[in-house]
Amino acid sequence: PAARQCKHCRSDLTWKRHVSVSNTTLALVTALIAVIAAVTPVVKQALTPSDSQLSAVIAATSPVVITLLATNEGGKMGVLTGATLYIQLPNETRPDFYIFTTGDPITIEPGKAVKVDLFLAKRPLPPRDETIDLDFYDELSKANCTLEIRGTTGNGKTAEIPIASMCDGLIAQVAYGLKRI
């Protein structure tokens, strides 16, 4: 076995002999830790938006209800109040639009996510014809759909945030149901 200590001068002979911890080195390391601890909250605050930053993804749909998972990645509280679904078919000159509401405003705290149900503002009568129009569904796949959520930021500004732009998947189900009503 190798010696760990010199038997004459009692100096360390292990890997620790290569590390010199003087008073100056210790002071510099301590100062570095203090600076990092002081700067970290400032950097975090600089990187976090000062206002609310609302976003959403579609979780589920029906012809009269759209369920979203809405998040706020900003630094202030945000409020969602509703949404508008625009459906632009290829052969139409202007889009149809349908207004959805949350009922009561939905408050989203900074860094939180909430489930939001959007209800069609005017309840239409159920469709009389229950047959499926396959030509319309094919036409819908070529359409542009935009779902814009409406809300208010923490600074009191109204925001309209687009969250969908294609008539596919869950939005297609809503669009198809609405066009048949």
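Being a predicted model, the structure only gives us computed values, none of them experimental.

Cut-offs and rules
Residues numbered from 1 in each chain as written. Predicted model: local features only at pLDDT ≥ 70, side-chain atom pairs only at ≥ 80, totals over all residues. Heavy atoms only, no water. Helix = DSSP H or I, 4+ residues; strand = E, 2+ residues; numbered from the N terminus. Buried < 20%, exposed > 50% of the residue type's maximum accessible area, 1.4 Å probe, protein only. Contact = heavy atoms within 4.5 Å. Pairing = 2+ DSSP bridges. Salt bridge = Lys/Arg side-chain N within 4 Å of Asp/Glu carboxyl O. Core = buried A, V, L, I, M, F, W, Y, C linked by side-chain atoms within 4.5 Å. Polar contact = N/O pair within 3.5 Å; in protein donor to acceptor, adjacent residues only side chain to side chain. Expected span 1.5 Å × (residues − 1). Bend = angle between axes of the 7 residues up to and from the residue.

### Re the overall build of the chain
- Helix and strand content of the chain: three helices and seven strands.
- In sequence order, the chain lays out its α and β elements as α-β-β-β-β-β-α-β-β-α.
- Within the chain, buried positions represent 28% of all 181 residues.
- Put simply, of all contacts in the chain between residues at least 6 apart along the chain, 64% involve residues at least 24 apart.

### Section: the pairing of strand β2 (residues 65-72)
- Judged by how many residues are buried, β2 sits mostly within the fold: seven of eight residues are covered.
- The pairing of strand β1 (residues 54-61) with β2 spans seven bridges and is classified as antiparallel. From the neighbouring strand, Ala60 faces β2, where its bridge partner is Thr67.
- What sits between β1 and β2 in their antiparallel hairpin is a turn of three residues.

### Description of the pattern of salt bridges
- With the rule as written, the count across this model stands at one salt bridge.
- Between Lys115 and Asp117 there is a salt bridge whose closest N-O contact spans 3.6 Å.
- Look at Asp117 and you get partly exposed, because its relative accessible area is 25%.

### Observations concerning the nonpolar core
- With 25 residues, the main nonpolar core has Ile66, Leu68, Leu80, Phe100, Leu118 and Ile149 as its most contacted residues.
- Of all the secondary structure elements, the ones that give two or more residues to this core are β1, β2, β3 (78-88), β4 (96-108), β5 (113-120), β6 (144-152) and β7 (158-166).
- Not counting residues up to four positions away in its chain, the partners in contact with Ile66 are Ile58, Ala60, Thr61, Phe100, Val116, Asp117, Leu118, Leu147 and Val174.

### Some words on the side chain of Asn72
- Note on placement: Asn72 falls in strand β2.
- Classification of Asn72 as buried rests on a relative accessible area of 1%.
- At 3.0 Å, the side chain of Asn72 and the backbone nitrogen of Gln53 are in polar contact.
- With residues near it in sequence (within four places) discarded, Asn72 still touches Ser52, Gln53, Leu54, Met77, Gly78, Ile108, Glu109, Pro110, Gly111 and Lys112.

### Topic: helix α1 (residues 23-47)
- Over its 25 residues, α1 extends 36 Å from the first C-alpha to the last, a length consistent with the 36 Å expected when each residue adds 1.5 Å.
- Remark: the principal bend of α1, roughly 30°, maps to Val39, with a proline, Pro41, within the next four residues.

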